[in-house]
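Listed below, chain by chain, are the residues.
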Amino acid sequence: MTPAFCATFLLALDILDHRFPKGVVITTSGIQKFYSNGLDYDSAIKTKGFFEDSLYPLWRRLLTYPMPTIALIPGHAFAAGFMTAMMHDYRLMNPHRGYLCLNELDFGAPLKPPMASIFRQKVPNPNTFRTMILESKRYGALEALKEGFLDGLGGVDDVVAFVNELRLVDRASSGVYGLLKGEMWRETVGYSENFSGGEERAEREANEQETRKGVELKRVEEWEAKTKTAMSKL
């Protein structure tokens, strides 16, 4: 996921919204091994404003899109790729290939507010939320379905059957579909819009953590000094 990719994805959503009849939007990948491996890290870090100008507007658009959205996951979806899939209304995955994983722990990247928020809102089990973040667990399709990340398994034919079964094509006809989703996912939508507020909070917490570390280290050093003195008297 690069700035150019996010811009093109966002434009495609706009074209479908404003130049075609309402229906169902299905996203997938032409590379069968991956749905998305996440951010192009160099682009994300080196491009000024990437998150607030590229990634978060795309996520907000998906979260509040005025018709049903489905991520058809043919293979791996890691980190921001997994997050992007979660911004869709529904997810179906190839049962024979790929893992879903948040691996930020492995490469030392903190989760920004919208990144954590979407899982906090959509993952039904708090223990699963803990495990996926603090253990970087890789979920195959069957386990991901059990844990509530997915709504079904299969490929294109299965997605079409899923759409027909839930009568999704007509769901946007009343004109309030996007508004309802915006209210449902208000927390994540808010973080994607109020980027600076979330960043300021994260920076403040990081600074407070550094202050606490200094206090904690001082306690340890004082304990070590007292222990050394006590041992020398024995």
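Residues numbered from 1 in each chain as written. Predicted model: local features only at pLDDT ≥ 70, side-chain atom pairs only at ≥ 80, totals over all residues. Heavy atoms only, no water.

> Please explain the pairing of strand β5 (residues 90-93) as it appears in this structure.
Neither face of β5 is left uncovered, since the one carrying Tyr90 and Leu92 and the one carrying Arg91 and Met93 both have all their residues buried. With 4 bridges connecting them, strand β3 (residues 69-73) and β5 associate as parallel partners. Paired with Ala71 across the bridge in β5 is Arg91. Where β5 meets strand β7 (residues 152-153), 2 bridges bridge the pair, whose relative direction is parallel. By the bridge assignment, Met93 is partnered in β7 with Leu153. (Buried < 20%, exposed > 50% of the residue type's maximum accessible area, 1.4 Å probe, protein only. Helix = DSSP H or I, 4+ residues; strand = E, 2+ residues; numbered from the N terminus. Pairing = 2+ DSSP bridges.)

> I'm lost on the sheet that holds strand β1 (residues 25-27) in this one. Help?
Strands belonging to one sheet form pairs held by backbone hydrogen bonds; the direction of such a pair is parallel or antiparallel. If you trace the 4 strands from one edge of the open sheet to the other, you get β1-β3-β5-β7, paired in parallel fashion. Pairing within the sheet leaves two strands with one partner each, and these edge strands are β1 and β7. Here helix α9 (residues 156-165) sits on the sheet and contacts β1, β3, β5 and β7; the angle it forms with β3, its principal contact strand, is near 155 degrees. (Contact = heavy atoms within 4.5 Å. Axes fitted to C-alpha atoms, helices over the stretch in contact; angles between N-to-C directions.)

> Looking at this structure, I do not really get the packing of helix α1 (residues 3-19) against helix α3 (residues 50-63). What am I missing?
Each pair of packed helices gets described by two things: the angle between the helix axes and the distance between those axes. Direction vectors running N to C along α1 and α3 enclose 35 degrees, while the axes themselves pass 9 Å from each other. The hand of the α1/α3 crossing is left-handed. On the side of α1, the interface is formed by Pro3, Cys6, Phe9, Leu10, Leu13, Asp14, Asp17 and His18, while α3 contributes Phe50, Ser54, Leu55, Pro57, Leu58, Arg61 and Leu62. Per-class residue counts for the contact of α1 with α3 are 10 nonpolar, 2 polar and 3 charged. (Left-handed = near helix turned anticlockwise from the far one by under 90°. Nonpolar A, V, L, I, M, F, W, Y, C, P; charged D, E, K, R; others polar.)

> Would you take a moment to explain the pattern of salt bridges for this structure?
Close approach of charged atoms lets side chains of opposite charge pair. Applying the stated criterion across every chain yields a total of 9 salt bridges. Its salt-bridge partner being Lys22, residue Asp17 comes within 3.3 Å of it at the nearest N-O pair. Between Glu210 and Lys213 there is a salt bridge whose closest N-O contact spans 3.5 Å. Placement of both Glu210 and Lys213 in helix α12 (residues 195-232) is noted, with a separation of 3 residues, approximately one turn of the helix. (Salt bridge = Lys/Arg side-chain N within 4 Å of Asp/Glu carboxyl O.)

> Would you take a moment to explain the nonpolar core for this structure?
What tends to happen in soluble globular proteins is that the nonpolar side chains get buried as a cluster. Leu55, Ile73, Phe82, Leu100, Phe119, Met132 and Phe149 are the most contacted members of the largest nonpolar core, which has 53 residues in total. Here the element with the most residues in this core is α3; it accounts for 8 residues. Contact partners of Leu100, with chain neighbours within four places excluded, come to Ile73, Ala77, Phe82, Met93, Lys137, Arg138, Tyr139, Ala144, Phe149 and Leu150. (Core = buried A, V, L, I, M, F, W, Y, C linked by side-chain atoms within 4.5 Å.)

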